[in-house]
Amino acid sequence: MKKLINDPQTVVAESLEGFGAAHPDVVAIHRDPWFVTRAAGTSAGKVGLVSGGGSGHEPLHGGFVGVGMLDAAVPGAMFTSPTPDQIAPALQAADAGAGVLAIVKNYTGDVLNFEMAAEVAEDTEVRTVVVNDDVAVEDSLYTAGRRGVAGTVAVEKIAGAAAERGDSLDAVVAVAEKVIANVRSMGVALTACTVPHAGKPSFDLPDDEIEIGIGIHGEPGRRRIPLAGADEITEMLLTPVADDLGLVGGEKVLLFVNGMGGTPASELYVVYRQARALLEGRGVEVARSLVGNYVTSLEMQGASVTVLRLDDELTALWDAPVHTTALRW
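Overview of the structure. Please read all numbers here as calculations on a predicted model, not as lab measurements.

Here we take up the sheet that holds strand 12 (residues 302-310). Read across the open sheet, the 6 strands follow the order 9-8-7-12-10-11; overall the sheet is mixed. The open sheet is flanked by strand 9 (223-226) and strand 11 (285-292), the only strands paired with a single partner. Here the strands of the sheet are splayed against their neighbours by 20° on average, with no regard to which way each runs. With 7 bridges connecting them, strand 7 (residues 183-189) and strand 12 associate as antiparallel partners. Looking at the pairing, valine 188 lines up with alanine 303 of strand 12.

Next comes the structure, spelled out in structure tokens:
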């Protein structure tokens, strides 16, 4: 195992310390327990947004803390849910008098721990939405139902914009649920990743094979197939996503091609090129785009394709200003 770390047991803490030191104008790092908030805190009277999950998926979630997105993020150990005693103070820190929305990816540990934290976060009204955008697998070792993957970025961005403009907690929840109902994703792995404390790849994948439908923790996908060209692989990802959404000609979408951490931007744009062509071939307009490493799986080589059906409201909220370490416009 070759990694730029000192000790597998301290890598998350040391990474958070470096993250906070690099971006003190955007985020504040809290210790004992560890969580991240906006440097300036939540604006008075604004709905607070909190998310979190296992580390190793950076910039998710800490990289999306800032104006226009999250108010707090809770990082667990590598690929491990944060604990309720981490989450509860983050929920309380994000509460500025209008309640808090917890955005939770659909992994059993995350769902249960956020539920327990909401119960013990005294005097804080907490509502929860669960992101389940992965069309590849209905159930896995980690979930009941579909997994939450890269579509989480769209939920955090759009719900964050609704909160920033002053929407009520009920309205922010409704916007988040609207995004969840209209976003789907599917991914592929070319290689496995190595979790530091494990010291070896999370699964075996021969050089001449790929895993279609992989999860962001190395969970099994739909099938393992021989390595193919990028256009063929992209069609295997895009087609189930578009079919599940029931896209029809004349609709507008956001197309998001996400890297899993070890795939260069040049390859992600090859995937984007074909995914866009396939959507346009269906008569679907790609009105907004995002390409890059945003929901990663350590150093895994691979990518995912996410499509969000847009209307005027969701487009305006996506376009609204955002200032985080990972997204800024």
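A separate point is the pattern of salt bridges. For the coordinates displayed, the defined rule picks out 19 salt bridges. Salt-bridge contacts for arginine 165 lead to glutamate 313; the nearest nitrogen and oxygen are separated by 3.6 Å. In this pair, arginine 165 sits in the loop between helix 4 (151-164) and helix 5 (169-181) while glutamate 313 sits in helix 8 (residues 312-319), placing the two residues 148 residues apart along the sequence. A residue is classified by how much of its surface remains accessible, and arginine 165, at 49% relative accessible area, is partly exposed. Assessed through its relative accessible area of 30%, glutamate 313 is described here as partly exposed.

Pairing is mixed across the open sheet formed by 6 strands, whose spatial order is 1-2-4-3-5-6. Looking at which strands have only one partner, the edges of the open sheet turn out to be strand 1 (27-30) and strand 6 (126-131). Neighbour-to-neighbour, the strand axes of this sheet turn through a mean angle of 20°, independent of strand direction. As paired strands, strand 1 and strand 2 (residues 35-38) are joined by 4 bridges and run antiparallel to one another. The residue bridging alanine 28 from the neighbouring strand is threonine 37, located in strand 2. Of the strands in this sheet, strand 2, strand 3 (48-55), strand 4 (72-78), strand 5 (100-105) and strand 6 are in contact with helix 2 (residues 84-94), which crosses strand 4 at around 165°.

Let us now look at the packing of helix 6 (residues 230-245) against helix 7 (residues 265-281). It is at 9 Å that the axes of helix 6 and helix 7 come closest, and there the two elements cross at 55°. In terms of orientation, helix 6 and helix 7 fall into the oblique class. Here helix 6 runs over helix 7; the crossing is right-handed. Mapping the contact onto sequence places Ala230, Asp231, Thr234, Glu235 and Leu238 in helix 6 and Val270, Val271, Arg273, Gln274, Ala275, Leu278 and Leu279 in helix 7. Residue composition of the contact of helix 6 with helix 7, grouped by class: 7 nonpolar, 2 polar and 3 charged.

Along the polypeptide, proline 201 turns up in the loop between strand 7 and strand 8 (209-212). Each C-alpha atom of the pair proline 201 and proline 264 lies 20 Å from the other, and the pair is 63 residues apart in sequence. Beyond its immediate sequence surroundings of up to four residues, proline 201 is in contact with Ala192, Cys193 and Thr194.

Moving on: the packing of aromatic side chains. Taken as a whole, this structure holds 3 aromatic pairs when the rule is applied. With a centroid separation of 5.4 Å and 50° between ring planes, the pair formed by tryptophan 318 and tryptophan 329 is classed as tilted. One end of the pair, tryptophan 318, is in helix 8; the other, tryptophan 329, is in the segment after helix 8, with 11 residues separating them in the sequence. Take tryptophan 318: its relative accessible area is 4%, and that puts it in the buried class. By relative accessible area, which is 40% here, tryptophan 329 ends up partly exposed.

Conventions and cut-offs
Residues numbered from 1 in each chain as written. Predicted model: local features only at pLDDT ≥ 70, side-chain atom pairs only at ≥ 80, totals over all residues. Heavy atoms only, no water. Pairing = 2+ DSSP bridges. Helix = DSSP H or I, 4+ residues; strand = E, 2+ residues; numbered from the N terminus. Axes fitted to C-alpha atoms, helices over the stretch in contact; angles between N-to-C directions. Salt bridge = Lys/Arg side-chain N within 4 Å of Asp/Glu carboxyl O. Buried < 20%, exposed > 50% of the residue type's maximum accessible area, 1.4 Å probe, protein only. Contact = heavy atoms within 4.5 Å. Parallel < 35°, antiparallel > 145°, perpendicular 65-115°, else oblique. Left-handed = near helix turned anticlockwise from the far one by under 90°. Nonpolar A, V, L, I, M, F, W, Y, C, P; charged D, E, K, R; others polar. Phe/Tyr/Trp six-rings, centres within 6.5 Å; stacked < 30°, edge-to-face > 60°.

Bear in mind that shape data such as this cannot, by itself, settle questions of function.
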